[in-house]
Amino acid sequence: MLVRPIGVVRSAMTSTKNMPAEGAPAIVEVFPEYAAGLLSVESNSHVVVVTWLHKADRRTLQLDRVGPDNLPYHKGVFSLRSPSRPNPIGISSARLVEVEGRHLHLERLDMIDGTPVIDIKGYSLGWDAVFSARGFWDMLPASRRDPRLLFDLIRAQAVNFHGESCPGLLIGARMVYDVVSRWDLAPRDPALKFELGANGCVVDAIQGATGATFGNGRLTYLGGASFKALLGEKSIAYTPKNLENISASEALEAEAADLFEIGQELR
């Protein structure tokens, strides 16, 4: 079996130790002899970048690690996305920002500078997206997560579902964050339900971050300005105060009472 690199990652990130959890802006430079394969690549909003993780340890089959939340775990590499594995193949989906000749500008990629690229594929929503999927990190209660990483995960999943970041989406992500922090839940806990107000961006954020849908019985549409989270006999209502001019850092760092009128929590 022969695998030849078709390009290389160009990134300001030179070490995995400094790589943000969500990746960083990067460029994939395709070698001249493979440039013809880029025909119409710009017709894709997102691409799948397949890489060879050239600095990974290929002898590892199980990992004893402390995760980004200072959470220890012992798992086999085939249940993880660790770069350490017998054949260190990396697979990342990224938004294609611009095509400049042989250079693909990507919104973010979790590969360091100099990583060999072995393939590029157009991302297909129908084949590649599994909205109902859950993994180990998705089911951890809020008390076991680092607050910043938890909010970043909620926001990223909301953006992936909605298609872009906007004030309404950030407000919705902050609402989900507040709910799971108050009740010490995982965002995708199947017992968490919502009654929805009329703002579509907030609705999308809730669906994307929690996996709740009308079909699985976790969403009910009521309309109006307020949203309500429900868990068994408990409920709490949120009415957004301001849906304009808010950043991701402001959405996380602001007090919930500054962002919402919060109804009394019922037990």
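Structural notes, computed from the coordinates. (Residues numbered from 1 in each chain as written. Predicted model: local features only at pLDDT ≥ 70, side-chain atom pairs only at ≥ 80, totals over all residues. Heavy atoms only, no water.)

**Observations concerning the overall build of the protein**
Line of reasoning, step 1. Broken down by element type, the protein carries six helices and 13 strands.
Line of reasoning, step 2. Taken over C-alpha atoms, the radius of gyration comes to 20 Å for the protein, in line with the 18 Å a tight globule of 267 residues would show.
Line of reasoning, step 3. Principal-axis analysis of the C-alpha atoms places the extent of the protein at approximately 65 × 40 × 35 Å.
Line of reasoning, step 4. The 267 residues of the protein split such that 41% are buried.
Line of reasoning, step 5. Expressed as a percentage of contacts within the protein between residues at least 6 apart in sequence, the contacts between residues at least 24 apart total 70%.
Line of reasoning, step 6. Each charge sign in the protein was given a centre, from 28 positive and 31 negative side chains, and these centres are 7 Å apart. (Helix = DSSP H or I, 4+ residues; strand = E, 2+ residues; numbered from the N terminus. Rg over C-alpha atoms; globule rule 2.2 N^0.38 Å. Buried < 20%, exposed > 50% of the residue type's maximum accessible area, 1.4 Å probe, protein only. Contact = heavy atoms within 4.5 Å. Lys, Arg positive; Asp, Glu negative; His and termini not counted. Charge placed at Lys NZ, Arg CZ, Asp CG, Glu CD.)

**Observations concerning the nonpolar core**
Line of reasoning, step 1. Counting residues in each nonpolar core, the largest one holds 33 residues, and the members touching the most others are Ile154, Val180, Trp183, Phe194 and Ile206.
Line of reasoning, step 2. Going through the elements one at a time, helix H2 (147-162), helix H3 (167-183), strand S9 (193-196), helix H4 (200-210), strand S11 (227-231), strand S12 (234-240) and helix H5 (248-253) are the ones with two or more residues in this core.
Line of reasoning, step 3. At nine residues, H3 tops the list of elements feeding residues into this core.
Line of reasoning, step 4. In this structure, Ile6, Val30, Leu53 and Leu109 belong to the second largest nonpolar core, which totals 19 residues. (Core = buried A, V, L, I, M, F, W, Y, C linked by side-chain atoms within 4.5 Å.)

**Some thoughts on H3**
Line of reasoning, step 1. Helix length check: H3, at 17 residues, gives a terminal C-alpha distance of 25 Å against a target of 24 Å (1.5 Å per residue), a fit within 8%.
Line of reasoning, step 2. Among the 17 residues that make up H3, 14 are buried, leaving the element largely enclosed by the rest of the structure.
Line of reasoning, step 3. Immediately downstream of H3, the backbone of Asp184 shows phi near 50 degrees, a positive value. (Expected span 1.5 Å × (residues − 1).)

**Focus: the sheet that holds strand S3 (residues 46-52)**
Line of reasoning, step 1. As summarised here, the arrangement of the six strands in space is S1-S2-S7-S6-S3-S8, forming a closed barrel in which the pairing is antiparallel. The average angle at which neighbouring strand axes cross in this sheet is 45 degrees, direction not considered.
Line of reasoning, step 2. With seven bridges joining them, S3 and strand S6 (residues 89-100) adopt antiparallel strand pairing. Among the inter-strand pairings, Trp52 is bridged to a residue of S6, identified as Ile89. (Pairing = 2+ DSSP bridges. Axes fitted to C-alpha atoms, helices over the stretch in contact; angles between N-to-C directions.)

**Observations regarding the packing of H2 against H3**
Line of reasoning, step 1. Look at H2 against H3: their axes get within 9 Å of each other, and the N-to-C directions meet at 135 degrees. Taken together, the axes of H2 and H3 are oblique relative to one another. Between H2 and H3 lies a crossing whose hand is right-handed. Packed against H2, whose contacting residues are Pro147, Leu150, Phe151, Ile154, Arg155, Ala158, Val159 and His162, the element H3 presents Leu169, Leu170, Ala173, Arg174, Val176, Tyr177, Val180 and Ser181 at the interface.
Line of reasoning, step 2. When its residues are assigned to classes, the contact of H2 with H3 shows twelve nonpolar, two polar and two charged. (Parallel < 35°, antiparallel > 145°, perpendicular 65-115°, else oblique. Left-handed = near helix turned anticlockwise from the far one by under 90°. Nonpolar A, V, L, I, M, F, W, Y, C, P; charged D, E, K, R; others polar.)

**Focus on the environment of Ser249**
Line of reasoning, step 1. Among the secondary structure elements, Ser249 is positioned in helix H5.
Line of reasoning, step 2. Distance in space between the C-alpha atoms of Ser249 and Phe136 is 26 Å, their sequence separation being 113 residues.

**Observations concerning the sheet that holds S12**
Line of reasoning, step 1. Strand order in the open sheet formed by five strands is S10-S9-S11-S12-S13, and the pairing between neighbours is mixed. Edge positions in the sheet fall to strand S10 (219-221) and strand S13 (260-262), since each has one partner strand and no second. Strand-to-strand twist of the sheet, defined as the mean angle between neighbouring strand axes without regard to direction, takes the value 20 degrees.
Line of reasoning, step 2. Looking at chain direction, S9 and S11 are connected through three bridges and run antiparallel. Bridge assignment links Glu195 to a residue of S11, and that residue is Lys228.
Line of reasoning, step 3. Running over the sheet, H3 touches S9, S11, S12 and S13 and is turned about 155 degrees from S12.

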